[in-house]
Amino acid sequence: MSIQDNNSNLNITVTSALPYANGEIHIGHIVSTYLPADVFTRYSRLNGFNVIHVCATDDFGTPNLIQSEKEGKTPEEYVKYWHYRDLEDFKKLGISFDYFHQTSSKENIELTQEFFRKLLQNNHIFNKKIHQPYCENDKKFLPDRYVVGTCPICRTKDQYSDGCEKCGRTLQSGEILEPHCSICGSVPVMRESIHYFFRLSAFSEKLKKWLQTNQGLKPEIKNYVLNWIKNGLKDWDITRDIKWGVPIPLKEARGKVLYGWFDNHLCYISSAVHYLSGKGLDGKSFWNSSKIYHFIGKDIIYHHYLFLPAMRMGVEEEYKLPDFIPVRGHLMLQGKKISKSRDWYISLRDFLNGFPADYLRYYCLAITPYSQDDV
């Protein structure tokens, strides 16, 4: 059934977490996110529901910028290549996206800047002077993955400064212990910079109520997130001192961009609305009348259960919050988490060059539980 047929009262919007446009899709991605979302979408279509499945490449942010610099390409050239390469690989596996967009698209940049303005107008954004790591050798500020060090929460070494892969906590600038530049290895110095912050702490009670009343969210994950709220939420630094990203729409912030996690989940909305508008439909109305499913892996629970709903709450829920956020654990390889950034993975393309797609689809579905358990 097509979404124009309208024989069913149930609209469903399915999104899959956005892959960074900085390398090939691996089978760990497939297990945690894309195959479960694809199976659910196919099931919904067979039942005659009005369902769309959207995704996009996550084009902005330091992971992509670092890799483009290493390869001597512009960020635009680099993410364009991986956008089309990833889409090819998804198609070979039979992943049935209705639309596969980009966070660097005109639609997403406009929606992101609209959210920033509205959140600022509603007093949910403020600025303050902070100290940022700066590499005197490379002559640049070092946000996020430009800095590697030890997690201050669980003491795991070799973690990026924006979050720990081991314990799942997001980190603010300056929190990482024993920091060093991921490019040259030198110890950065601290320099002043004006940054903008989202008042995440102001949404504690609203988030708690949403978590407790939403019956579509898994209890064990809700309890996990409620403990984070109980321990106190920190206001969220949404500024990056780099050139590659969504520009902050203020004259006084010229040269600064928004953190990738501010814009990437908004691409769920901009992609769905743009796709449906191209079909002659009211994309915003479809979104707001949908049952919304965000399929993710467990390493981005914090972002989807806290940042994402709080930002939508901050614009008076102009865009509906998710009804379900299905979460799955990591695929392990010889006892270690499969990871593209750690260069420890089996690429989807390499697998499909040797075996039929249905072999991988069947095996992954057979071994993957609907839980945070790693497999």
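A quick note: this is a predicted structure, and the numbers were derived from the prediction, not measured. (Residues numbered from 1 in each chain as written. Predicted model: local features only at pLDDT ≥ 70, side-chain atom pairs only at ≥ 80, totals over all residues. Heavy atoms only, no water.)

With respect to the pattern of salt bridges
Close approach of charged atoms allows side chains with opposite charge to pair.
Right, on to step 1. All chains considered together, the criterion is met by 24 salt bridges.
Right, on to step 2. Across the pair E88 and R349 runs a salt bridge, and its minimum N-O distance is 3.0 Å. With E88 in helix α3 (residues 75–93) and R349 in helix α11 (residues 348–354), the pair connects residues that are 261 residues apart, well separated along the chain.
Right, on to step 3. With relative accessibility at 42%, the residue E88 sits in the partly exposed group.
Right, on to step 4. A salt bridge links E165 to K337, with the nearest nitrogen and oxygen atoms 4.0 Å apart. Within this pair, whereas E165 is found in the loop between β7 (159–160) and β8 (177–181), its partner K337 is found in strand β16 (residues 336–337), the two being separated by 172 residues in sequence.
Right, on to step 5. Look at E165 and you get partly exposed, because its relative accessible area is 26%.
Right, on to step 6. Residue K337 is classed as partly exposed on the basis of its relative accessible area, which comes to 22%.
Right, on to step 7. Bridged by salt links that share partners, the residues E24, R85, E88, D89 and R349 form one connected network. (Salt bridge = Lys/Arg side-chain N within 4 Å of Asp/Glu carboxyl O. Helix = DSSP H or I, 4+ residues; strand = E, 2+ residues; numbered from the N terminus. Buried < 20%, exposed > 50% of the residue type's maximum accessible area, 1.4 Å probe, protein only.)

Quick word on the packing of helix α6 (residues 219–230) against helix α10 (residues 301–314)
Right, on to step 1. In contact at an axis separation of 11 Å, α6 and α10 are set at 65° when each is read in the N-to-C sense. Taken as axis vectors, α6 and α10 run roughly perpendicular relative to one another. By crossing handedness, the relation of α6 to α10 is classed as right-handed. Residues I221, Y224, V225, W228 and I229 of α6 form the contact with α10, whose participating residues are I301, Y302, Y305 and L306. (Axes fitted to C-alpha atoms, helices over the stretch in contact; angles between N-to-C directions. Parallel < 35°, antiparallel > 145°, perpendicular 65-115°, else oblique. Left-handed = near helix turned anticlockwise from the far one by under 90°. Contact = heavy atoms within 4.5 Å.)

Quick word on the sheet that holds strand β6 (residues 147–150)
Right, on to step 1. Taken in spatial order, the 3 strands make up an open sheet running β7-β6-β8, and their pairing is antiparallel. With one partner strand each, in any of the chains shown, β7 and β8 form the two edges of the open sheet.
Right, on to step 2. Judged from the 3 bridges that link them, β6 and β8 form a sheet pairing that is antiparallel. Each residue of the ladder has a partner; that of V148, found in β8, is H180. (Pairing = 2+ DSSP bridges.)

With respect to the sheet that holds strand β14 (residues 327–328)
Right, on to step 1. With respect to topology, 5 strands assemble into an open sheet ordered β3-β2-β1-β13-β14, the strand pairing being parallel. Each edge of the open sheet is held by one strand with a lone partner, namely β3 (99–102) and β14.
Right, on to step 2. Pairing geometry for strand β1 (residues 11–16) and strand β2 (residues 50–57), over 5 bridges, is parallel. What sits directly across from V14, in β2, is H53.

What to know about the environment of E110
Right, on to step 1. In this fold, E110 is placed in helix α4 (residues 106–121).
Right, on to step 2. Given a relative accessible area of 42%, E110 falls into the partly exposed group.
Right, on to step 3. In this structure, the C-alpha to C-alpha distance between E110 and K209, residues 99 residues apart in sequence, is 30 Å.

Describing the nonpolar core
Right, on to step 1. Within the largest apolar cluster, 96 residues are counted, with the highest numbers of intra-cluster contacts made by F198, L207, W236, I238 and Y305.
Right, on to step 2. The biggest single contributor to this core is α10, with 9 residues.
Right, on to step 3. Aside from chain neighbours lying at most four places away, what touches I238 is F116, I125, Y196, F197, F198, V257, L258, Y259 and F262. (Core = buried A, V, L, I, M, F, W, Y, C linked by side-chain atoms within 4.5 Å.)

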